[in-house]
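Single-letter residue listing:
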Amino acid sequence: MRAEIRAAVDNVLESQQFIMGPPVRELEAEFAALVGCRFAFGCASGSDALLLALMALGLESGDEVITAPFTFVATAGSIARLKAKPVFVDIDPETYNLDAKLLESAITRRTRAIIPVHLFGLAAEMETISQIAHAHRLPVIEDAAQSVSARCIDSHHQDNRVGNIGEFGCFSFFPSKNLGGAGDGGMITTNNPQYAERLAVLRDHGSRKKYQYDLLGMNSRLDSLQAAILRVKLKYLEEFTESRRKNAERYRKGFARVGLERYITLPVEPEGWKHVYNQFVIRTLERDHLRDCLRARGIPTELYYPSPLHLQPAFSYLGYRQGAFPCAEDASQHVLALPIFPRMTKEQQDLVVDAIAECLAGQA
Ligand SMILES: Cc1ncc(COP(=O)(O)O)c(C=O)c1O
């Protein structure tokens, strides 16, 4: 993509329109079409996308927002930044996403929104979550930072795209995401014209007219340079997503070949859904040994996430204790993300699979 990206960057430099230039509008239109939403607004990061969505809802101090504790810090951080209270609900141990069965019991008179996270590239259980949200008249903000282009099927066989199910979809263009920029960036999607109008204003200092501030907003715009680069990368998104999905399939076959299925748990992908494998996360009781052993062989892995948010010092004021969310706590001890980048070769994947087999051989 180098030549195309360089040409796109040159165009922005020539135009000198670094803030809200044409590539931003063009990317917003293309992204809205990708997600199937009426509106999309670029912003400075996925973290700001969440913050802006909550601001558009008019979240106030003391309001409660329900989310999962097994996620990146920004999901709950955006709630806390507005002096609202993150209320955690444990995850499903198989999908790592918010356990929809536990959602209703966390709703109180102060609940103002629900933020399910589509973790690792797999959509959350949106049908049940949406039904509960609807029954309680609560808006849903989808944290789709890791799941651009993911889909899920509901019980009516309806194919749903993430970011187009709740009131808002929040996406991240952090470089390691499936649609990654050359720096920070984010996007918010919505179908609601009132929310859309607020988002457009809130990300631009709360200003509808120059030097007139109707709302307390912030400076959170997507740079024209990032938008121009992302527009090039967007053309390749489906191809890259398919490569990730193919790599996931190859891992499954590889682990079956070496008979490792009994010792490691592989990611689930419900029938007909589209997991986009931002991460390929396995689970094993020997996680720490395996990670060290792979590192010694030059194979990088990552821990998403070594500690759930309710046990992080920044959220200690919420008063949660060890044991509050057993599935999130257990996952944090046993998950391991393997390399799954789109251009990974079969030989590289076989190397990883064989190394895991060797590392675990002495442990079984
Ligand atoms: C689940 C989740 N939510 C929010 C974010 C925040 O996105 P950003 O890094 O673009 O601020 C990320 C990514 O880092 C994420 O993985």
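Let me begin by describing the structure that accompanies this report. All of these numbers come straight from a predicted model, not from anything done at the bench.

**Examining the overall build of the chain**
Logical step 1: Tallying secondary structure elements over the chain gives 11 helices and 13 strands in all.
Logical step 2: In terms of overall dimensions, the chain is globule-like: its C-alpha atoms have a radius of gyration of 21 Å, near the 21 Å expected for 364 residues.
Logical step 3: Looking at the chain alone, contacts between residues at least 24 apart form 71% of all its contacts between residues at least 6 apart.
Logical step 4: Looking at the chain as shown, the accessible area adds up to about 16,600 Å², and 51% of this sits on carbon and sulfur atoms.

**Some details on the site of the ligand**
Logical step 1: The local shell around the ligand holds 17 residues, among which Gly 46, Ser 47, Asp 143, Ser 172 and Lys 177 are the closest.
Logical step 2: Note that an oxygen atom of the ligand is positioned 2.7 Å from one of the side-chain N or O atoms of Ser 172.
Logical step 3: The separation between an oxygen atom of the ligand and a polar side-chain atom of Lys 177 is 3.0 Å.
Logical step 4: Out of a free accessible area of 390 Å², the ligand has 93% covered by protein chains.
Logical step 5: At a threshold of 2 Å from the grid points, most atoms of the ligand map onto the largest pocket.

**Points about the packing of helix H2 (residues 22–35) against helix H7 (residues 224–235)**
Logical step 1: Following both chains from N to C, one finds H2 and H7 inclined at 40 degrees, their axes separated by 8 Å at the closest point. The angle between the axes of H2 and H7 places the two elements in the oblique class. Crossing of H2 against H7: the hand is left-handed. Two secondary-structure elements touch here, H2 through Pro 23, Val 24, Glu 26, Leu 27, Glu 30 and Leu 34 and H7 through Ser 224, Ala 227, Ala 228, Leu 230, Arg 231 and Leu 234.
Logical step 2: Of the residues that constitute the contact of H2 with H7, the class distribution is eight nonpolar, one polar and three charged.

**Structural notes on the sheet that holds strand E2 (residues 64–67)**
Logical step 1: The three strands are arranged E3-E2-E4 in an open sheet whose pairing can be described as parallel. The sheet is open, and its two edges are formed by strand E3 (85–88) and strand E4 (111–115), each paired on a single side. Geometrically, the sheet is characterised by an average inter-axis angle of 30 degrees between neighbouring strands, direction not taken into account.
Logical step 2: With four bridges connecting them, E2 and E4 associate as parallel partners. Across the sheet, Val 65 pairs through a bridge with Ala 113, a residue of E4.

**What about the pattern of salt bridges?**
Logical step 1: The tally for this structure, following the rule as stated, stands at 23 salt bridges.
Logical step 2: The residue Glu 28 makes a salt bridge to Arg 25 at a minimum N-O spacing of 3.8 Å. In this pair, Glu 28 and Arg 25 are both assigned in helix H2, three residues apart and thus about one turn of the helix distant.
Logical step 3: For Arg 25, a relative accessible area of 45% translates into the label partly exposed.
Logical step 4: Taking the shortest distance from any N to any O, the salt bridge between Asp 288 and Arg 287 comes out at 2.7 Å.
Logical step 5: Judged by its relative accessible area of 4%, Arg 287 is buried.
Logical step 6: A cluster of three or more residues bridged by salt bridges with shared partners is formed by Arg 257, Lys 346, Asp 350 and Asp 354.

**Focus on unusual backbone geometry**
Negative phi is the rule for most residues except glycine; trans is the rule for most peptide bonds.
Logical step 1: The omega torsion across Tyr 304 and Tyr 305 is 10 degrees, close enough to zero to call that bond cis.
Logical step 2: With respect to the secondary-structure elements, Tyr 305 resides in the loop between helix H9 (287–296) and helix H10 (326–334).
Logical step 3: You will see that His 157, though not glycine, has its phi angle at about 65 degrees, which is positive.
Logical step 4: Relative to the helices and strands, His 157 is located in the loop between strand E6 (151–153) and strand E7 (159–161).

**Structural notes on the state of the cysteines**
Logical step 1: For the coordinates displayed, the defined rule picks out one disulfide.
Logical step 2: Shown here is the disulfide that connects Cys 293 with Cys 359, its sulfur atoms set 2.1 Å apart. On the S-S bond that ties Cys 293 to Cys 359, the torsion sits near -80 degrees, and the link is left-handed. With Cys 293 in helix H9 and Cys 359 in helix H11 (residues 346–361), the pair connects residues that are 66 residues apart, well separated along the chain. There is no split in this pair, since Cys 293 and Cys 359 are both buried.

**Notes on the layout of surface pockets**
Logical step 1: Of the volumes computed, that of the largest pocket is approximately 400 Å³.
Logical step 2: In this structure, the largest pocket is lined by 24 residues; those nearest its centre are Phe 72, Ala 145, Ser 172, Phe 174 and Lys 177.
Logical step 3: Every element with two or more residues in the lining of the largest pocket is listed here: helix H3 (46–56) and helix H4 (73–81).
Logical step 4: A total of three residues in the lining of the largest pocket trace back to one element, the largest contributor, which is H3.

**Focus: empty space enclosed by the protein**
Logical step 1: In this structure the tally under the stated criterion is one cavity of 30 Å³ or more.
Logical step 2: Within this model, the largest cavity holds a volume of roughly 50 Å³.
Logical step 3: Around the largest cavity sit Glu 94, Thr 95, Tyr 96, Leu 119, Phe 120, Leu 122, Pro 267, Val 268, His 275 and Val 281, which together line it.
Logical step 4: For the lining of the largest cavity, the residue count by class is seven nonpolar, two polar and one charged.

**Observations regarding the side chain of Gln 146**
Logical step 1: Structurally, the position occupied by Gln 146 is in the loop between strand E5 (141–143) and E6.
Logical step 2: Under the relative-accessibility criterion, Gln 146 is labelled buried at 9%.
Logical step 3: Reaching out from Gln 146, the side chain makes a polar contact with the side chain of Tyr 305 at a distance of 2.9 Å.
Logical step 4: Contacts of Gln 146, omitting those with residues within four sequence positions, involve His 118, Leu 119, Phe 120, Gly 121, Lys 177, Val 276, Asn 278 and Tyr 305.

So, how was this worked out
Residues numbered from 1 in each chain as written. Predicted model: local features only at pLDDT ≥ 70, side-chain atom pairs only at ≥ 80, totals over all residues. Heavy atoms only, no water. Helix = DSSP H or I, 4+ residues; strand = E, 2+ residues; numbered from the N terminus. Rg over C-alpha atoms; globule rule 2.2 N^0.38 Å. Contact = heavy atoms within 4.5 Å. Areas by Shrake-Rupley, 256 points an atom, 1.4 Å probe, with all protein chains shown as cover. Near = heavy atom within 4 Å. Polar contact = N/O pair within 3.5 Å; in protein donor to acceptor, adjacent residues only side chain to side chain. 1 Å grid on protein atoms, 1.4 Å probe; cavity = no way out; pocket = protein on both sides within 12 Å on 5 of 7 lines; lining within 4 Å. Sits in = over half its atoms within 2 Å of the grid points. Axes fitted to C-alpha atoms, helices over the stretch in contact; angles between N-to-C directions. Parallel < 35°, antiparallel > 145°, perpendicular 65-115°, else oblique. Left-handed = near helix turned anticlockwise from the far one by under 90°. Nonpolar A, V, L, I, M, F, W, Y, C, P; charged D, E, K, R; others polar. Pairing = 2+ DSSP bridges. Salt bridge = Lys/Arg side-chain N within 4 Å of Asp/Glu carboxyl O. Buried < 20%, exposed > 50% of the residue type's maximum accessible area, 1.4 Å probe, protein only. Disulfide = S-S within 2.5 Å. Points joined across faces, edges and corners; volume = space filled by probe spheres on them.

Keep in mind these values describe shape, not function.
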